[in-house]
Amino acid sequence: AGSQRRTPAPKLKPVVEKAAGPEPAETTPAPTRPTGKAAATRIREHRVIRGGNDIGHSILAEILQEKGDYIGAEAEYREAVRLDPDSEIYRIQLTEIAEIICSQGAGSQRE
């Protein structure tokens, strides 16, 4: 009876449970910065929450200008000037957008 060998116990792998929650970072796409209409909407929402500010109006004017909405851009630059009448840059931007509107005529102000 003393000559019997004992078989070693099998090695067990540790049990790892998957934690509840979002997937690992490498599978979750990085957030993207809104552009165009989405960015304009976010800026408008920001203004409603925090109140108007000249920088927000200026940024929105630039976005609208890039989208071809020169009338909207002009209105935003006017508001930026109203909020910060001492800003020379806002006055220059307002003059430039007014020149674009005049050069394009009434029919092509919005795309």
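It should be noted that the structure appears before, not after, this text.
Note that the structure is predicted; figures quoted are calculated from it, not measured.

(A) Looking closely at the environment of Asn-53. Locating Asn-53 in the fold gives a position in the loop between α1 (36–50) and α2 (54–66). What makes Asn-53 partly exposed here is its relative accessible area of 26%. The spacing of Asn-53 and Arg-82 is 29 residues in sequence and 9.9 Å in space, taken between C-alpha atoms. Polar contacts involving the side chain of Asn-53 include one to the main-chain amide nitrogen of Ile-55, which spans 3.2 Å.

(B) Highlighting the packing of helix α3 (residues 70–83) against helix α4 (residues 88–104). Their axes nearest at 9 Å, the elements α3 and α4 cross at an angle of 155°. With respect to α4, the element α3 is oriented roughly antiparallel. Read as a crossing pair, α3 and α4 show a hand that is left-handed. Across from Tyr-70, Ile-71, Ala-73, Glu-74, Tyr-77, Arg-78, Ala-80 and Val-81 in α3, the residues of α4 making contact are Tyr-90, Arg-91, Gln-93, Leu-94, Ile-97, Ala-98, Ile-100, Ile-101 and Gln-104. Its residues assigned to classes, the contact of α3 with α4 comprises 12 nonpolar, 2 polar and 3 charged.

(C) Region of the structure containing the packing of α2 against α4. The interhelical angle for the contact between α2 and α4, taken along N-to-C directions, is 25°, at an axis separation of 12 Å. Of the possible angle classes, the one that applies to α2 and α4 is roughly parallel. Between α2 and α4 the crossing geometry is left-handed. Contacts between α2 and α4 involve Asp-54, Ile-55, Ser-58, Glu-62 and Gln-65 from the first element and Tyr-90, Gln-93, Ile-97 and Ile-100 from the second.

Calculation notes
Residues numbered from 1 in each chain as written. Predicted model: local features only at pLDDT ≥ 70, side-chain atom pairs only at ≥ 80, totals over all residues. Heavy atoms only, no water. Helix = DSSP H or I, 4+ residues; strand = E, 2+ residues; numbered from the N terminus. Buried < 20%, exposed > 50% of the residue type's maximum accessible area, 1.4 Å probe, protein only. Polar contact = N/O pair within 3.5 Å; in protein donor to acceptor, adjacent residues only side chain to side chain. Axes fitted to C-alpha atoms, helices over the stretch in contact; angles between N-to-C directions. Parallel < 35°, antiparallel > 145°, perpendicular 65-115°, else oblique. Left-handed = near helix turned anticlockwise from the far one by under 90°. Contact = heavy atoms within 4.5 Å. Nonpolar A, V, L, I, M, F, W, Y, C, P; charged D, E, K, R; others polar.

These figures capture arrangement, not role.
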